[in-house]
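Here is what each chain is made of, one letter per residue.
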Amino acid sequence: MRGKDKLTQRQIEAVKPRAAPFKLVDGGGLYLLVHPNGGKYWRVAYRFDGKQKTLAAGVFPLVSLKEARECCFSVKRMLAAGIDPMAEKQAIKRMERLERENGKSLLEVGQTWLASRAGAVAQNTLNGDRMSLAHIEIFFAANANINDVDAQALAEFAEWLNHKNIPARAKRTMQIVGQIWDFAVNKGLISQERRNPVDTAKLLLAKHTSNPEPHLPAAELTAFFHALQTSADIHPITRYLLLFNALLAPRKSALSKSRWENIDFERRIWFMPDEDMKMGNDFLIPLADWPLALLQELHTITGHQAYLFPPLRCGVGGNAYISQKVGNVAIKRLGFDGSHAGKSNASMHGFRHTMTNICAINGKDVLTTDLALGHIQRSALKKQGMDSLAHYLTAAEFRFEERRELAAWYADFLKQRYDEAAALVAEGVA
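A brief look at the structure comes next. (Residues numbered from 1 in each chain as written. Predicted model: local features only at pLDDT ≥ 70, side-chain atom pairs only at ≥ 80, totals over all residues. Heavy atoms only, no water.)

### Remarks on the overall build of the chain
Next up, step 1: Scanning the chain from N- to C-terminus turns up 18 helices and 7 strands.
Next up, step 2: Considering the chain as a whole, with its 430 residues, one finds that 43% of them fall into the buried category.
Next up, step 3: For the chain, the proportion of contacts with a sequence separation of at least 24, taken over those separated by at least 6, is 57%.
Next up, step 4: For the chain, the exposed surface amounts to about 22,300 Å²; the carbon and sulfur share of it is 51%. (Helix = DSSP H or I, 4+ residues; strand = E, 2+ residues; numbered from the N terminus. Buried < 20%, exposed > 50% of the residue type's maximum accessible area, 1.4 Å probe, protein only. Contact = heavy atoms within 4.5 Å. Areas by Shrake-Rupley, 256 points an atom, 1.4 Å probe, with all protein chains shown as cover.)

Following this line, the structure appears as structure tokens:
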């Protein structure tokens, strides 16, 4: 038996073209596309970030069967490392072009830098970095060579960003310019002797102080659950969305994209894949009794579809998920917008802050709480001797049982408030 490799050199050489293009499949995603003109093109099919893609691997016989298989194996290695092979190939080509040309603009190098990050960081991070590159493109439109960018140019850029009144984005944009500069130095496009001009220009940016997301104090949880139980304006699916957000405190993007295939009822684990996570790592959430029961209830409603939370609009297929805005809109409809007595301004993301506060006040271990939220503490990682971020966050042997205990305690804490709200409803308290 030949195993999974199906093609032979003789078979490829003997194949004749047909009226329409057709494939000769070798296995593992590798196939030979035969065109009507007789051309034979190697292709590697793969999936990345939930999307089907195809990588061109050369033309036969210039690229042999053995070489094509080596390319296919290389693709699998990159995928295992979280790298999109197509983006990597495009980044290499772009850098080769930059090295051949005299003009290496800040934007061109920036685009290559961004392409090199594909697969290494979360999609949300990439989207934010593209926004910063758009600002760089506008201001440095006339820049033909990154070597012409100096401290004065960056000082003017800082002033330009300040006038836009986008302090958080301005700070990140200036950070990106610095990273692009370091990237260019590493690629030999800029002399290492030149000081990064961002070092002085970043000091000219307007000061930005980040504020925590609007969040509920523990004392208002009963009022929140009471509003959730009595409101006639909240869709049933949205109710479950808000309950799971309060119980598990995940990032709202990962919650809205959750698939039923990633719920392990038997092991009581909610798996969130790396492409849905901010830090680009697989993440495991242990399930306590109450969230597990809620999942079983929700499964009777949406279990026939791919996603736990499908869109609320009629006529949308099962391959779509709920908008991330729905949860925040629903919280405002419940009156938690800061304009009602006894109801603070709150948001989906703010429940992460709520959980942190409650756990801290009740003396729960800080590191275990951070792990439950998927927070990254580099110092704690190093202290524990972990050599892998994914291991630090998901390994069953590293505080996973402690996380399970914390999840059970926190679910009981919220259930007590939920039952208090239910008792008020039963008593007819508005």
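### Here we look at the packing of helix 9 (residues 221-230) against helix 10 (residues 236-248)
Next up, step 1: For the pair helix 9 and helix 10, the least separation of the axes is 10 Å and the interaxial angle reads 165°. As the angle between them shows, helix 9 and helix 10 are arranged roughly antiparallel. The interaxial crossing formed by helix 9 with helix 10 has left-handed handedness. Taken together, the residues of helix 10 that come into contact with helix 9 (itself represented by Phe-224, Phe-225, Leu-228 and Gln-229) are Arg-239, Leu-242 and Leu-243.
Next up, step 2: Of the residues contributing to the contact of helix 9 with helix 10, the split by class is 5 nonpolar, 1 polar and 1 charged. (Axes fitted to C-alpha atoms, helices over the stretch in contact; angles between N-to-C directions. Parallel < 35°, antiparallel > 145°, perpendicular 65-115°, else oblique. Left-handed = near helix turned anticlockwise from the far one by under 90°. Nonpolar A, V, L, I, M, F, W, Y, C, P; charged D, E, K, R; others polar.)

### Concerning the pattern of salt bridges
Next up, step 1: Taken as a whole, this structure holds 7 salt bridges when the rule is applied.
Next up, step 2: Between Asp-26 and Arg-69 there is a salt bridge, with its nearest N and O atoms 2.8 Å apart. A residue pair is termed long-range when its members are at least 10 positions apart, and Asp-26 in strand 1 (residues 22-27) and Arg-69 in helix 2 (residues 65-80) qualify at 43 residues.
Next up, step 3: Of the charged contacts in the structure, one is a salt bridge between Asp-264 and Arg-267, with a shortest N-O distance of 3.7 Å.
Next up, step 4: Judged by relative accessible area, which is 53%, Arg-267 ranks as exposed. (Salt bridge = Lys/Arg side-chain N within 4 Å of Asp/Glu carboxyl O.)

### Things to note about the environment of Leu-55
Next up, step 1: For Leu-55, the position within the fold is in strand 4 (residues 51-60).
Next up, step 2: For Leu-55, the residues in contact, after removing those within four places along its chain, are Trp-42, Arg-43, Val-44, Tyr-46, Cys-71, Val-75, Pro-85, Met-86 and Lys-89.

### Points about helix 6 (residues 151-164)
Next up, step 1: Between its first and last C-alpha, helix 6 extends 20 Å over 14 residues, near the 20 Å set by a 1.5 Å rise per residue.
Next up, step 2: Restricting attention to buried positions, one finds in helix 6 the residues Ala-153, Leu-154, Phe-157, Ala-158 and Leu-161. The buried residues of helix 6 all sit within an arc of 140° when viewed along its axis, so they share a single face.
Next up, step 3: Elements in contact with the buried residues of helix 6: helix 5 (123-139), helix 7 (167-186) and helix 8 (198-201).
Next up, step 4: Looking one or two places after helix 6, you find Asn-165, whose phi comes out positive at around 55°. (Expected span 1.5 Å × (residues − 1). Arc of directions from axis to C-beta.)

### Digging into the side chain of Arg-117
Next up, step 1: Within the secondary structure, Arg-117 is located in the loop between helix 4 (106-116) and helix 5.
Next up, step 2: Not counting chain neighbours up to four residues away, the residues in contact with Arg-117 comprise Thr-125, Leu-126, Asp-129, Arg-172 and Gln-179.

### Details of the packing of helix 10 against helix 12 (residues 289-302)
Next up, step 1: Closest axis-to-axis distance for the helix 10/helix 12 pair is 11 Å, and the angle between their directions is 155°. Regarding the angle of helix 10 to helix 12, the classification is roughly antiparallel. Both helix 10 and helix 12 take part in a crossing whose hand is left-handed. Residue-level contacts link Ile-237, Tyr-240, Leu-243, Phe-244, Leu-247 and Leu-248 of helix 10 to Trp-290, Pro-291, Leu-294, Leu-295, Glu-297, Leu-298, Ile-301 and Thr-302 of helix 12.
Next up, step 2: Taken together, the residues of the contact of helix 10 with helix 12 break down into 12 nonpolar, 1 polar and 1 charged.

### Observations concerning the pairing of strand 3 (residues 40-48)
Next up, step 1: Sheet topology places strand 2 (residues 30-34) next to strand 3; 5 bridges connect them, and they run antiparallel. Opposite Tyr-31, over in strand 3, you have Arg-43 as the bridge partner.
Next up, step 2: Connecting strand 2 to the antiparallel partner strand 3 that follows it, the hairpin turn spans 5 residues, and Gly-38 within it adopts a positive phi of roughly 95°.
Next up, step 3: If you look at the hairpin formed by strand 3 and strand 4, you'll find 2 residues sitting between the two strands, and Asp-49 has a positive phi there, around 55°. (Pairing = 2+ DSSP bridges.)

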